[in-house]
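Chains, contacts and geometry: an overview
Below are the chains, spelled out letter by letter.
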Amino acid sequence: MIILLAMEREIQQLRLQIEEKIQHSFLLRYIHKPEIDEYKLYFLHYILNKTVLAPNVKEQLIISTMLVQIALDIHEKIPDDFEDSGTSIGVDSQLSVLAGDYYSGLYYSLLADIEEREYITLLATAIKQINELKMNLYYLENESLEVYLETRKQIHSLLIKYIADKTQVNQDIHVIEEILLINEIINNSYHSFDQDKQSILEKQVNKTKGMIDKLSERQKQDFTPLLDSIIYQHTSSEME
């Protein structure tokens, strides 16, 4: 219990530091306040807490990676209607591009300050691959749902996978990827496929539960409550 409370305090402290970093009075007058993905923050802390990295390096690496994730999320939400209509991009979209670039640039500054240039290169490589995967989504209209979901899974877990592989704390990454995909399915629509969202979600939840059941008891204690929390929040929001 003491360990769990300490972990919760650490994550809350990280969240406060991230919120402080993303405060920009001008940008926030014109764009929605960026959202911090609680589950990705949790998994980054979970992975890096198992390493022997210095505490300040762990902290700055988590904050930097989350800033990159926030930047990617902002860019993904920019409407692309103007591309089809031939009209110029609106002011709000221009500012969203600017905000994404600004938050993405912060990660470089933070890691440069602690001379972690190796992780700067790592995150830059991940950003490049994620953007390539996002481009691939436009060509998946005629592909199966499985191929589409696999691409979405990679997009939303690649930053964490890169960190896990680099720190050699990647034994749980396959389960982390599936849990993040569940959260992605919940928060997005899939109208272009025959299956409804609920059936897609149920299939993914059952698959992930099956994977968790094969883990050690300690790993089950780590992942089962988190999965239950995601499902509970989804069920609660559906009932409102």
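Residues numbered from 1 in each chain as written. Predicted model: local features only at pLDDT ≥ 70, side-chain atom pairs only at ≥ 80, totals over all residues. Heavy atoms only, no water.

Before going further, it helps to examine the packing of helix 2 (residues 38–48) against helix 3 (residues 55–76). Two elements in contact, helix 2 and helix 3, have axes separated by 10 Å at closest approach and are oriented at 150°. Classed by the angle they form, the pair helix 2 and helix 3 counts as roughly antiparallel. The hand of the helix 2/helix 3 crossing is right-handed. Contact with helix 2, carried on its side by Lys40, Leu41, Leu44, His45 and Leu48, involves Lys58, Leu61, Ile62, Thr65, Met66 and Gln69 of helix 3 and no other residues of that element. (Axes fitted to C-alpha atoms, helices over the stretch in contact; angles between N-to-C directions. Helix = DSSP H or I, 4+ residues; strand = E, 2+ residues; numbered from the N terminus. Parallel < 35°, antiparallel > 145°, perpendicular 65-115°, else oblique. Left-handed = near helix turned anticlockwise from the far one by under 90°. Contact = heavy atoms within 4.5 Å.)

This part covers the packing of aromatic side chains. Any pair of aromatic rings gets described here by the distance separating the centres and the angle formed by the planes. Per the counting criterion, the structure on display carries four aromatic pairs. Judged by centre distance (6.3 Å) and plane angle (45°), the ring pair of Phe43 and Phe223 falls under tilted. Taken as a pair, Phe43 in helix 2 and Phe223 in helix 10 (residues 217–239) lie far apart in primary sequence, 180 residues in all. Judged by its relative accessible area of 0%, Phe43 is buried. Relative accessible area serves as the criterion here: at 0%, Phe223 is assigned to the buried category. Taken together, a centroid distance of 5.5 Å and an interplanar angle of 55° make the contact between Tyr46 and Phe223 tilted. Of the two residues, Tyr46 sits in helix 2 while Phe223 sits in helix 10, which places them 177 residues apart along the sequence. (Phe/Tyr/Trp six-rings, centres within 6.5 Å; stacked < 30°, edge-to-face > 60°. Buried < 20%, exposed > 50% of the residue type's maximum accessible area, 1.4 Å probe, protein only.)

Predicted confidence across the protein gives a mean pLDDT of 83, with 79% of residues reaching 70 or more. When pLDDT is averaged over each element of the protein, helix 2 comes out on top at 96 and helix 4 (residues 81–85) at the bottom at 43. Contacts of residues 81–88 to residues separated by more than four positions or lying in other chains number three contacts, the stretch itself having pLDDT below 50. (pLDDT = per-residue confidence, 0-100.)

A few words now on the packing of helix 7 (residues 145–167) against helix 8 (residues 173–186). For any two helices packed against each other, one specifies the inter-axial angle together with the distance between the axes. Helix 8 packs onto helix 7 with a crossing angle of 130° between their chain directions and a minimal axis gap of 9 Å. As far as their axial angle goes, helix 8 and helix 7 are oblique. The handedness of the crossing between helix 7 and helix 8 comes out as right-handed. Across from Leu149, Arg152, Lys153, His156, Ser157, Ile160, Lys161 and Ala164 in helix 7, the residues of helix 8 making contact are Ile173, Ile176, Glu177, Glu178, Leu180, Leu181, Glu184 and Ile185. Grouping the amino acids of the contact of helix 7 with helix 8 by side-chain chemistry returns eight nonpolar, two polar and six charged. (Nonpolar A, V, L, I, M, F, W, Y, C, P; charged D, E, K, R; others polar.)

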